Amino acid sequence: MGKITKYRVKNWKEYNSNLIQRGNFLRYFVEIPEEFKEVLTKKWFNKRKRKGKGKNFVYSDYAIEVILMLSRLYHLPLRQAQGFTETLFRNMGINLPIPSYTQICRRQKKLGIKIEKEVKKIKREMEEIIKMGKELIIAIDASGLKVYGKGEWFKKTHPENQSNRGEWKKIHIAVEPQTGLIYNVILTNSHVHDSQVYPRCIEELVKEGYSIDKAILDKAYDSNKLYKISDFYGIQFIVPPRKNSAYYKSKLKNNPIYFREAYYHKQKKRHLEFISEFGEELWREMVGYNLRNRVESEFSRLKRYFTEKLSSKCIENQITEIKTKIKLLNLMYQIAKCKVYKEITII
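Residues numbered from 1 in each chain as written. Predicted model: local features only at pLDDT ≥ 70, side-chain atom pairs only at ≥ 80, totals over all residues. Heavy atoms only, no water.

A few words now on unusual backbone geometry. Generally, phi is negative for residues other than glycine and the peptide bonds are trans, each holding for most cases. Of note, His 75 is a non-glycine position whose phi angle comes to about 55 degrees, a positive value. With respect to the helices, strands and loops of the structure, His 75 is situated in the loop between helix 3 (61-73) and helix 4 (78-92). Backbone geometry at Thr 307 places phi at a positive 70 degrees, although glycine is not the residue there. For Thr 307, the location among the structural elements is in the loop between helix 12 (293-306) and helix 13 (315-335). The class for Thr 307 is partly exposed, based on a relative accessible area of 43%. (Helix = DSSP H or I, 4+ residues; strand = E, 2+ residues; numbered from the N terminus. Buried < 20%, exposed > 50% of the residue type's maximum accessible area, 1.4 Å probe, protein only.)

As structure tokens, then:
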């Protein structure tokens, strides 16, 4: 006797119509499409004085961000994005000049797109739906994005001509598992270890005003240093211990299992004691470790929609590119919200 668990969409009709609206670019900038022209006119030109030497910018950061979001949403290079925006504004009756692709390329290096503000706005709307607590649960992981190099087809058809040439970047994201919202994103070189980015990620979230209750990570983050950092911020650090760091038995036959008091952190010792007595599978269920799977789902969504390649070559532009993509993914949740219920069948 067994059971089959399936997850069904409760609001399919509404969800399906909202999925179609994800293709409506107006929904990514304003809640009411009729207000797009008015908002665009107010924010299009720069009104701030430039710091340091040089002439003030003509176009605002908002204008550059609008074109970059259109570029990433419809997978357009900057030249085509400029032409697309000109045609779009002309057909909509919006009489505004468009910055050239060279201006967009230069300005995006110091654009500083903030995804945190969008997350806070969406989270307030979704708290009523999923009844989230005040404190945040995050799952953190890393994955690779290709800058340049041979494709998979070439590697498969020419296995004898394999070279190590190519460049990858590593993207680190912090996801709220219950909603799938991405709260922070950091781009590093491929040789940077996952655990090295954790302190910076937590620090940035705390500076933004988030109160973090629990951090769920994989075995790559099993480090005493990270346990101490989490303890400093009052965070439950949920990481499965490595096999070679579990525990050791005393040479005396009558003695119980001992832990290295001077080495292991108190949170880790509690995990080890529970695992040694009840097993890792029950530990994962008790601490909610399976919520970490949501990070892998978000990496899958990011790479399926925007591909696993970075089109920008400069590191500053790559950071702006990935933040723009993450911001679009979060806004997609605001446009189409799915209500799911669990269906269990006994067989």
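So, on to the nonpolar core. The biggest cluster of nonpolar side chains holds 58 residues, and the ones touching the most others in it are Tyr 28, Phe 29, Leu 40, Trp 44 and Ile 171. Examining the composition of this core, we find that 9 residues originate from one element, helix 3, more than from any other. Excluding anything up to four places from it in sequence, Trp 44 contacts Tyr 59, Ser 60, Ala 63, Val 66, Ile 67, Phe 89, Leu 96, Pro 97, Ile 98 and Pro 99. (Core = buried A, V, L, I, M, F, W, Y, C linked by side-chain atoms within 4.5 Å. Contact = heavy atoms within 4.5 Å.)

Right, let's talk about the environment of Ser 195 for a bit. Mapped onto the secondary structure, Ser 195 falls in helix 8 (residues 194-207). With relative accessibility at 17%, the residue Ser 195 sits in the buried group. Taking the C-alpha atoms as reference points, Ser 195 and Asp 218, separated by 23 residues in sequence, lie 10.0 Å from one another. Excluding anything up to four places from it in sequence, Ser 195 contacts Ala 220, Tyr 221 and Leu 226. Of the polar contacts made by the side chain of Ser 195, one reaches the side chain of His 193; its length is 2.8 Å. (Polar contact = N/O pair within 3.5 Å; in protein donor to acceptor, adjacent residues only side chain to side chain.)

Mean pLDDT over the chain: 82, with 86% of residues reaching 70 or higher. Mean pLDDT across the elements of the chain ranges from a minimum in strand 7 (residues 248-249), with 42, to a maximum in helix 4, with 93. Note on residues 248-262: pLDDT under 50 across the span, and 17 contacts to partners over four residues away in sequence or across chains. (pLDDT = per-residue confidence, 0-100.)

Here the focus is the environment of Ile 186. Considering the arrangement of structural elements, one finds Ile 186 in strand 4 (residues 182-189). Given a relative accessible area of 2%, Ile 186 falls into the buried group. Sequence separation of Ile 186 and Lys 170 is 16 residues, and the distance between their C-alpha atoms is 8.3 Å. Discounting chain neighbours no more than four positions away, the residues touching Ile 186 are Lys 170, Ile 171, His 172, Val 197, Arg 200, Cys 201 and Glu 204.

On inspection of all chains with the given rule, the structure shows 15 salt bridges. Across the salt bridge formed by Asp 61 and Arg 48, the nearest N and O atoms sit 3.3 Å from each other. Here Asp 61 is found in helix 3, whereas its partner Arg 48 is found in the loop between helix 2 (36-43) and helix 3, with 13 residues between them in sequence. Using a relative accessible area of 27% as the deciding quantity, one classes Asp 61 as partly exposed. Between Asp 194 and Lys 170 there is a salt bridge, with the nearest N and O atoms lying 3.1 Å from each other. With Asp 194 in helix 8 and Lys 170 in strand 3 (residues 166-175), this pair connects stretches of sequence that are 24 residues apart. Judged by relative accessible area, Lys 170 falls into the buried class, the value being 17%. Bridged by salt links that share partners, the residues Arg 48, Asp 61 and Arg 107 form one connected network. (Salt bridge = Lys/Arg side-chain N within 4 Å of Asp/Glu carboxyl O.)

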